[in-house]
Amino acid sequence: MGEGWGREPARSQPLSSVRKASRARPEGRLGAAARRLRAQEPRPRRPRDTQVLLAMTETVELRRRDYHVERPLLNQKQLEELGRWGPATGTPHWRTWLQCSHARARALLLQYLPVLAWLPQYPVREWLLGDLLSGLSVAIMQLPQGLAYALLAGLPPVFGLYSSFYPVFIYFLFGTSRHISVGTFAVMSVMVGSVTESLAPDEAFLQSPNSTVDEAARDAARVQLASTLSVLVGLFQVGLGLVHFGFVVTYLSEPLVRGYTTAAAVQVFVSQLKYVFGLHLRSSSGPLSLIYTVIEVCRKLPQSVIGTIVTAVVAGVVLVLVKLLNDKLQRYLPLPLPGELLMLIGATGISYGVGLKHRFGVDVVGNIPTGLAPPMAPSPQLFAKLVGNAFTIAVVGFAIAISLGKIFALRHGYRVDSNQELVALGLSNLVGGCFQCFPVSCSMSRSLVQESTGGNTQVAGAISSLFILIIILKLGELFQDLPKAVLAATIIVNLKGMLKQFADICSLWKANRVDLLIWLATFVATLLLNLDLGLAVAVVFSLLLLVVRMQLPHYSVLGQVPDTDIYRDMAEYLEAKEVPGVKVFRSSATMCFANAELYSDALKQRCGVDVDRLISRKKKLLRKQELKLKRLQKEKLQKETAVSMCTTTSIHVNTSDGDIDSNNVDGSKAKQASTESKLEDTAANGQEEAKAANPSTLKALGLPQPDFHSLILDMGALSFMDTVCLKSLKNIFRDFQEIEVEVYMAACHTPVVAQLEAGQFFDASITKQHLFASVHDAVIFALQHPRSNQVSPVLVTKL
């Protein structure tokens, strides 16, 4: 073997003797050094030998993986007998729901209040320090974002702090995700802002003397709207969670959510332009409001405040530099530099010292009251106006939260309950709405910070909420001179992650262009029709696209891969060959009322036989044969009748009159009886001749015969069966049996078989012996039992 690899043959030596020799003669230092030098010398490589070695190794490995299975050929009836199939028995769910016991009560309590399950087992020594540092880091980000996103929602900044405290603490008690950071979020804030600005526009609060806006009355009305909206959102989310409706988010695919959030990011960016340029714009909402806002900003650009623009640009540049520095020094810093907090403190100090508001006309946050606001009941009169927006915000907020929660859960190896997440978010919004908060969800940037800084549980969220509470009670009034342009710059810089989703266009173009179409449709619809209508249009479009894709599956004729029991599409696998006399047909999607007719048409087209035309020609020829046979029988009968009448007249010509009369009567009766018997004999002879000749076959009729005797339908893709599908399958069986082709089905799942039985699909001509456990079983049976034209169809179908 050594010669085959291009080396000199080496003498074989037992492994034990080599070991003994190595132990007997230890090498010295010089010997070891020389040996290392020889090992480091470059050896000539032989790529051809390497390829041969790899090929032989792969062949050996494949041979080792060969397996042989011997079993009888199984149809569905034999499989059920062998496996002792029977309907699954179990306790109905409603009975378990109604059971009452100590264990059941404890399980329900731990299910709906998860903090009682994990907090008693909290490892203080291992996790407390990480959660403490993570909570402080998140709170440092939560403070500027809360102030900024409140402006985005059209509310005074202090209500952003409220929304960063109450919902976070409620989620700590009821949430199942350990890493997401609940609180204010840009997408949710802009959706709330579109509602508050449309139902409480500035024009509705103009004071008559000088046409100025009554900001106090406007803010009070908007706070009432936002808190009522939060209560409605919470009611929707809690209700959907209690009825286990968490699966609704599955209809929001990832391309749809990413396209929606990208369009929302563009909406947020446009909404902050008025703070960047220091402009006063009219409130616009509804379809094309984004276009109207951009046009108005462009028209009023000459009225921009230079001090505001400079403040926003400087703040944005500083924040970008700090984020870049954090990315560069991520390995060396225990915590990321709090760029937003440093910017808030620095900008507030500069604004207070320089007097940006009085000297340069820069808008500032203004009065921030200290202390917690008392709870406020929602306004039921607003429910009818807010119900549509509330449902949209509830679904979007939950979709964002559960998608992030599942990402972190997979990364860290725990489970997130989607229904309990819906309840937790709903309670956060419901309780927060009673304390004048606006709807919240989770933030992607804060969640990443919470995970990366060592956060292990929602203890980090509780710590961040307590830090925000301290700011609300004692430190909030210190930020009264904070410029709004700085908050706008903070919002725009934090949109970087969502705006980077534009790169999805290139990746989806290469990966899946249908998903790209959903992304683009969602993005365009959200930009043009606003966030609520845009989401509805996106969901309807994606569902319609799903229906279209179900109606246009991939149909294929399968061939056998040589020396295997595997069948693949012959158009894709060049070595897959069609079994002689057998057609195997498969659809890549389930068959239902939406595509049953398309399935039948594709089957007849792929088989290469015009089944409908062949059946029509056969029926026409059979009808002609039947008419011709009747005509021949009638002519033959008339001839025999005429001959018999002549014979009767000649026999009775010399009799008397009385005899003649009696003989005529008797003769007529005899003639009638003989005529009837001859007619029966003629008909019987005709039927026997027809049976003997079997003129109804395609060959006897002179029609072209199909080049296959058996058709196998691979039903492995079917997940359910409706009545339209049952009728279509019966028609397929009937049509192909008309052209002398037997039809079999293979790889049917048990629920499909049960639905076939419930729909009375099986009868004398179609039995469970037409169903096989696999395609290969059906092919072997079809080869062993080819259809014979000499056997009656009933015997063939009974197998």
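Structural data are supplied above this passage.
Since the structure is predicted, the reported quantities are computational estimates derived from the model, not experimental observations.

Engineer: Quick question: what am I supposed to make of the overall build of the chain here?
Structural biologist: A count of helices and strands for the chain gives 34 helices and 8 strands. Going through the 799 residues of the chain one by one, you find that 42% of them count as buried. If you take every contact in the chain between residues at least 6 apart in sequence, the share linking residues at least 24 apart comes to 82%. Just so you have it, the chain exposes about 44400 Å², and 60% of that area is on carbon and sulfur atoms.

Engineer: When you look at the pairing of strand E7 (residues 742–746) in this model, what are you seeing that I'm missing?
Structural biologist: Each regular strand carries side chains that alternate between the two faces of the sheet. Here E7 lies mainly inside the structure; 5 of its 5 residues are buried. Residues Glu742, Tyr744 and Ala746 point to one face of E7 and Val743 and Met745 to the other, with burial holding for every one of them. Note that strand E6 (residues 710–714) and E7 share 5 bridges and pair parallel. Residue pairing for E7: Ser710 is matched across the bridge by Glu742. Crossover handedness for the path E6 to helix H31 (residues 723–738) to E7: right-handed. Sheet topology note: the E7/strand E8 (residues 771–772) ladder contains 2 bridges and is parallel. Directly across from Ala746, in E8, lies its bridge partner Phe772.

Engineer: What exactly am I supposed to notice about the packing of helix H10 (residues 166–174) against helix H22 (residues 459–475) here?
Structural biologist: The description of two packed helices rests on the angle between their axes and on the distance between the axes. Between H10 and H22, whose axes approach to 9 Å, the crossing angle comes to 155°. The orientation of H10 with respect to H22, classified from their angle, is roughly antiparallel. The handedness of the crossing between H10 and H22 is left-handed. Taken together, the residues of H22 that come into contact with H10 (itself represented by Val168, Phe169 and Phe172) are Val459, Gly461, Ala462, Ser464 and Ser465. When the residues that make up the contact of H10 with H22 are grouped by side-chain class, the tally is 5 nonpolar, 3 polar and no charged.

Engineer: Looking at this model, I keep getting lost on the nonpolar core. Mind explaining?
Structural biologist: Generally speaking, nonpolar side chains in soluble globular proteins are found buried as a group. Of all hydrophobic cores here, the largest spans 105 residues; its most connected members are Leu143, Val187, Met191, Leu229, Leu252, Leu482 and Leu487. Sorting elements by how many residues they give to this core places helix H19 (residues 383–412) first, with 14 residues. Those residues within four positions of Leu487 in sequence are excluded, and the remaining contacts are Pro144, Leu147, Ala148, Leu151, Leu344, Val365 and Leu482.

Engineer: Looking at this structure, how should I read the packing of helix H12 (residues 215–242) against helix H20 (residues 418–434)?
Structural biologist: It is the contact of H12 with H20, at a shortest axis distance of 7 Å, that shows an interaxial angle of 155°. When the axes of H12 and H20 are compared, the pair comes out roughly antiparallel. Once H12 is placed against H20, the crossing between them reads as left-handed. Two secondary-structure elements touch here, H12 through Ser227, Ser230, Val231, Val233, Gly234, Leu235, Gln237, Val238, Leu240, Gly241 and Leu242 and H20 through Asn419, Leu422, Val423, Leu425, Gly426, Leu427, Asn429, Leu430, Gly432, Gly433 and Cys434.

Cut-offs used in this document
Residues numbered from 1 in each chain as written. Predicted model: local features only at pLDDT ≥ 70, side-chain atom pairs only at ≥ 80, totals over all residues. Heavy atoms only, no water. Helix = DSSP H or I, 4+ residues; strand = E, 2+ residues; numbered from the N terminus. Buried < 20%, exposed > 50% of the residue type's maximum accessible area, 1.4 Å probe, protein only. Contact = heavy atoms within 4.5 Å. Areas by Shrake-Rupley, 256 points an atom, 1.4 Å probe, with all protein chains shown as cover. Pairing = 2+ DSSP bridges. Right-handed = clockwise from strand over helix to strand, strands pointing away. Axes fitted to C-alpha atoms, helices over the stretch in contact; angles between N-to-C directions. Parallel < 35°, antiparallel > 145°, perpendicular 65-115°, else oblique. Left-handed = near helix turned anticlockwise from the far one by under 90°. Nonpolar A, V, L, I, M, F, W, Y, C, P; charged D, E, K, R; others polar. Core = buried A, V, L, I, M, F, W, Y, C linked by side-chain atoms within 4.5 Å.

So far we have only geometry, and geometry alone does not tell us how the molecule works.
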